[in-house]
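# Observations on the model geometry
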Amino acid sequence: MTDPACAVTDDGATVDTTADRGRSAVVMRGIHRRFGTTVALGGVDLTLRHGEIHAVLGSNGAGKSTLMKIMVGLDRPDAGGVTILGEAVDRFEPRAIRSRGVALVQQHFTLVPTLTGGENLVLARPEGRLRPDRRACRDRLASLVERYGLEVRGDVVAGAMSVGEQQRLELLRALDADARVLLLDEPTAVLTDAEADQLLAVCRRLAEDGRAVAFITHRLAEVFSGCDRVSVLREGSAVISDAPIADHSRADLASAMVGSESSGTYSRRASRSDEAGAALLQLRGVRAGRLHNIDLDVRAGEIVGIAGVDGNGQADLEAVLSGRTAPETGSVHIGGATMVVADPRSRRSLGLAYVPSDRYRWGLMRPMDLADNLELGRVPRVRGRRAHRREAARPALQAWDVRSSGPAARAATLSGGNAQKLVLARELHDEPSVVLACYPTRGLDPNAADAVAGRLVDRAALGAAVLWIGAELDELFAVSDRMFVLSDGELIGPFTSPFDRGVIGLAMGGLAPGSAPSKPDRSPVPELEQQEPSA
Amino acid sequence: MTLTIGVEPRAGAVRVATSAVRSTLTVPIVALLAALIGGAVLILAEGEDPFAVYWTALDGVLFGPRGLSDTATAATPLILIGLGYALAYRARLFTIGAEGQYLMGAIASVALVTAAGVRDLPGPALMVIGATAAVMAGALWGGLAGFLQVRFGASVVISSLMLVYVAQAFLQWAIRVGIRDPDSFIPASRELGAATLPTVPGLDTHLGFLVAIVTGPCLALLLARHRLGYRVSVLGHNADALDANEVASRRVMLAVIVWAGGLAGLAGFAETAGVNGRLGDSASLGYGFTAIIVALLGRLHPIGVVLAGLAVAALKIGFEVAARSHELPSSLVGVIQALVVVFVVAGDALVARGRGGSR
């Protein structure tokens, strides 16, 4: 052990418990980091203390992972200082920082699937140049297993372990170097509820040994059941910094994550139709991935907003509704006809337009020109001459205000807002009866976001059923006729206008309206335990 | 406002287009010249005068008694297979096993047109039967690698190459046992007889050359104006977007590799029926691999592939002529061809870096 502040003996576990409790282990001050024109972190303060579990919350892209990476030296700040165990960090280099006793368990597993648990352990900190024999590896793992009480089999290859066991192995590997500061990047995202509970209990024990533990999560329930302090990041700044858990309610945290003040001038719907139209999009008992038993009707002329903290089933909902994956049970109907899986053209002929959450992955071909991008999904068997095709694309680009050097420009040259307008121009061209819009304004500047929202509102006014999966509550309040909250794979709601931020915030925190606040935070969900690790 | 939109984008488009055309043409030409310079160094090392050797080669191709017609004949299989590779590579499907599809096409067509009962049909009918059988066999052999890719995720790079060895072994069996000419002393099939491709009047090469030359523009038309061509581009640039909006990408993958295999199979029939006259041990001279160079040198563009096929064939014929009057190892052509690939790939990387763009 290199750090003089923590006197640790060889048998380790129970030393320096109370003396260090509450003292700062890591202090970060005014951390700035930008990537190109994107500000990932704009002056963040964070303090991790010995003996405490610190939850770091934030929606996707809020800067949590960047902050963690800086703390372990995988990235460097543009400005600001980091102090680890009393010493300022001058070199942001993983090796140097690891030797000071900081370990990160990354979001994605870094195990070698064909090596056993013991071999994976030894691989991270080899002793000597020879490949160690299996028995030595197993023994080394066994001693750690015994010391920390984390059940991992030493002679089974990592690829054959459950996700929970892999997670525990990752954790043991981090503890192998006797880390005093342990960072966990969304450790529970892939775990079943029971496994997550177990992990929290382990973290608690490690904290009681005097370690500082930081924990990134999307799940609010865990914050209350297992953490001492909380920081909330939003768009690169700390909205809540180092606050004791007791000072905050779930609703507070949920609204801190998604923002509370009206930030943009989103278009409000001029007139909301009182008469509900026919249900054009229907989900019946849909179960897929994290989703359990979703029932939902979206009627002609209305916009239904889906709010919720990321990672509660949004990705599964998008995959099922866009026809990419089939629901495990249940069915999706569009205008009365059953959705066909993996046949995008039939999706379009049923009248479903799809604005994907990741437009560059699912919506556009960046190296191809705008005219070609506009034809995706609608291309005729025999096409016209290229010059004619480009000329034909011009009116659509103008009507949708896609600013570019013309139809021959490659989609890669477009700004985010114009790229999204290009997707909308294509998807809304055939006057779809149902529109699935997934985070349609994500990453757009206010003007572009406003334009995109306005187009979707217009489409609903013309009689389309619009399902809007969103992150910004104010935006959803402005555009939605009805709202639901997606929490832990279930839809809570409907909520109707005027929307109550407090109630919706609570629902996002996992508390259904009307249910007692004393409801247990976690109840084992048997269906989830069958989940296999994704490849 | 409308005026600006009307004028400015065209200027931009033209500029983009010219710079793309410039690098499309410069890279292969510079690469070819650089490879020839590299070859000159090797010729010097052999103690010969590179200028004299190159002059003899050029003179032999352009003015030699059979220079142009030999070049055309040698280019035929390279163009046909290269077109298939170009199609597959545009879809980012990196098959390298056209050699196997070529052999399977040759075997199937020869087996059919020399079969008892069929071989007595009139020549034109035999040619159509042979070509059809070759296309289908090549497509099937390519489709097998494609199927393994889309169904089991087995890399088409590996499986298509492995299937080459299967096809080579099958050829050995076919000419010794399966379709062996009982009257022949060496292992070979029967003579193709009436199925032999006729010589094109005035060109002094077989009909297959015309087919290859015409296939280039046909494929260019397919790519530019047919939905399949569009889907191939989308597959090459963003398979996820294709899956989400247009059609399941594995269907396009299969279609592409089947087409490429069909073209390679056709090359197998053209070479056997146009040049060899029967199926023997040397049914292929590695055309399936040389054609990779042709596809890359032709910038994956059908017209470019036709030109590149002619250029690579001319290189081969020219060096054959030069080797007769100079002391040169026959492996020199292979070295120069390999250098062409190296310089094309390096040139592309340099151009990409110069633009400051990463893909």
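Please read all numbers here as calculations on a predicted model, not as lab measurements.

Broken down by element type, chain B carries 13 helices and zero strands. Against the compact-globule benchmark of 21 Å for 359 residues, chain B has a radius of gyration of 22 Å, which places it among compact chains. Summarising its shape, the C-alpha atoms of chain B cover approximately 80 × 55 × 40 Å along the three principal directions. Per-residue burial for chain B yields a buried fraction of 48% across its 359 residues.

Attention now goes to the environment of Leu172(A). All names here are of chain A. Its place among the elements puts Leu172 in helix H5 (residues 163–176). Residue Leu172 is classed as buried on the basis of its 21 C-beta neighbours within 10 Å. Setting aside residues up to four positions removed in sequence, Leu172 forms contacts with Leu121, Leu144, Tyr148, Leu150 and Val152.

What follows concerns helix H13 (residues 386–399) of chain A. All names here are of chain A. When the terminal C-alpha atoms of H13 are compared, their 21 Å separation across 14 residues agrees well with the 20 Å that a helix rising 1.5 Å per residue should span. Bending of H13 peaks at approximately 25° at the position of Ala393, with proline Pro395 no more than four residues after it. Of the positions making up H13, those classed as buried are Arg390, Ala393 and Leu397. Of the surrounding secondary structure, the elements contacted by the buried residues of H13 are helix H12 (370–374) and helix H14 (416–427). Asp401 sits one or two positions beyond H13 and adopts a positive phi of about 55°.

Residues and elements named next belong to chain A. What the six strands build is an open sheet, ordered S16-S17-S18-S13-S19-S20; its pairing is mixed. At either end of the open sheet lies a strand with only one pairing partner, and these are strand S16 (352–355) and strand S20 (490–496). Neighbour-to-neighbour, the strand axes of this sheet turn through a mean angle of 20°, independent of strand direction. In the sheet, strand S13 (residues 303–307) pairs with strand S18 (residues 465–469) via four bridges, with the strands oriented parallel. Bridged to Ile303 within S18 is Val466. Strands in contact with helix H9 (residues 314–321) are strand S17 (434–438), S18 and strand S19 (482–487); relative to S18, the strand with the most contacts, it is inclined by about 150°.

This part takes up the interface of chain B and chain A. Contacts between the two partners involve 23 residues from chain B and, on the opposite side, 27 residues from chain A. Every element with two or more residues in the side of chain B that touches chain A is listed here: helix H1 (2–45), helix H7 (207–225), helix H8 (227–237) and helix H9 (239–245) of chain B. The element best represented in the side of chain B that touches chain A is H1(B), accounting for seven residues. Partitioning the side of chain B that touches chain A into residue classes produces eleven nonpolar, six polar and six charged.

Residues and elements named next belong to chain A. In space, the four strands of this open sheet follow the order S12-S11-S14-S15, with antiparallel pairing throughout. The open sheet has two edge strands, strand S12 (291–299) and strand S15 (337–338), and neither has a second partner. Along the sheet face, H9 touches strand S11 (279–288), S12 and strand S14 (329–334) and points at about 125° away from the line of S11.

All names here are of chain A. Phi at Glu431 takes a positive value of approximately 50°, unusual for a residue other than glycine. Assignment of secondary structure puts Glu431 in the loop between H14 and S17. You will see that Asp488, though not glycine, has its phi angle at about 55°, which is positive. One can find Asp488 in the loop between S19 and S20.

Attention now moves to the pairing of strand S8 (residues 212–216) of chain A. Side-chain direction in a regular strand flips from residue to residue, so the side chains alternate between the two faces of the sheet. Residues and elements named next belong to chain A. Of all five residues in S8, five are buried; the element is thus mostly enclosed. Where burial is concerned, the two faces of S8 agree: the one with Ala212, Ala214 and Ile216 and the one with Val213 and Phe215 are both buried. Here strand S3 (residues 53–57) runs beside S8; their pairing, made up of four bridges, is parallel. Paired with Val56 across the two strands is Ile216, which belongs to S8. Bridge count between strand S7 (residues 181–184) and S8: four bridges; the pairing is parallel. Each bridged residue has a counterpart across the sheet, and for Leu183 the counterpart in S8 is Ala214.

Right, let's talk about the pairing of S17(A) for a bit. All names here are of chain A. Of all five residues that make up S17, five are buried, and the element is covered over most of its length. Side chains Val434, Leu436 and Cys438 of S17 all project onto a buried face; the interleaved residues Val435 and Ala437 project onto the opposite face, where all are buried too. One ladder, built from four bridges, connects S16 with S17; its direction is parallel. For Leu352, the partnering residue across the bridge sits in S17 and is Val434. Of the pairings in the sheet, the one linking S17 to S18 comprises five bridges and is parallel in character.

On to the packing of H7(B) against H8(B), then. Residues and elements named next belong to chain B. Between H7 and H8, the least distance of the axes is 5 Å, while the angle of their chain directions is 75°. When the axis of H7 is compared with that of H8, the two are roughly perpendicular. Residues Leu222, Leu223, Ala224 and Arg225 of H7 form the contact with H8, whose participating residues are Leu228, Gly229 and Val232. The class makeup of the residues in the contact of H7 with H8 is five nonpolar, one polar and one charged.

Moving on to H9(A). All names here are of chain A. Counting buried positions along H9 yields six of eight residues, so the element is predominantly enclosed. Buried residues of H9: Gln314, Asp316, Leu317, Glu318, Val320 and Leu321, and no others. Tucked into the core, H9 has its buried residues touching S11, S12, S14, S17, S18 and S19. Where H9 ends, the next residue or the one after it, Gly323, has phi of about 80°, a positive value.

Let's shift gears to the packing of helix H11 (residues 287–297) of chain B against helix H12 (residues 302–325) of chain B. Residues and elements named next belong to chain B. Viewed as axis vectors pointing N to C, H11 and H12 meet at an angle of 130°, and their least axial separation amounts to 8 Å. In terms of orientation, H11 lies oblique with respect to H12. Relative to H12, the crossing made by H11 is right-handed. Counting all contacts with H11, which are made through Thr290, Ile293, Val294, Ala295 and Leu297, the residues of H12 involved are Val305, Ala308, Gly309, Ala311 and Val312. Of the residues that constitute the contact of H11 with H12, the class distribution is eight nonpolar, two polar and no charged.

About the thresholds
Residues numbered from 1 in each chain as written. Chains lettered and ligands numbered in written order. Predicted model: local features only at pLDDT ≥ 70, side-chain atom pairs only at ≥ 80, totals over all residues. Helix = DSSP H or I, 4+ residues; strand = E, 2+ residues; numbered from the N terminus. Rg over C-alpha atoms; globule rule 2.2 N^0.38 Å. Buried ≥ 20, exposed ≤ 12 C-beta atoms within 10 Å, placed from the backbone. Contact = placed C-beta atoms within 7 Å. Expected span 1.5 Å × (residues − 1). Bend = angle between axes of the 7 residues up to and from the residue. Pairing = 2+ DSSP bridges. Axes fitted to C-alpha atoms, helices over the stretch in contact; angles between N-to-C directions. Nonpolar A, V, L, I, M, F, W, Y, C, P; charged D, E, K, R; others polar. Parallel < 35°, antiparallel > 145°, perpendicular 65-115°, else oblique. Left-handed = near helix turned anticlockwise from the far one by under 90°.

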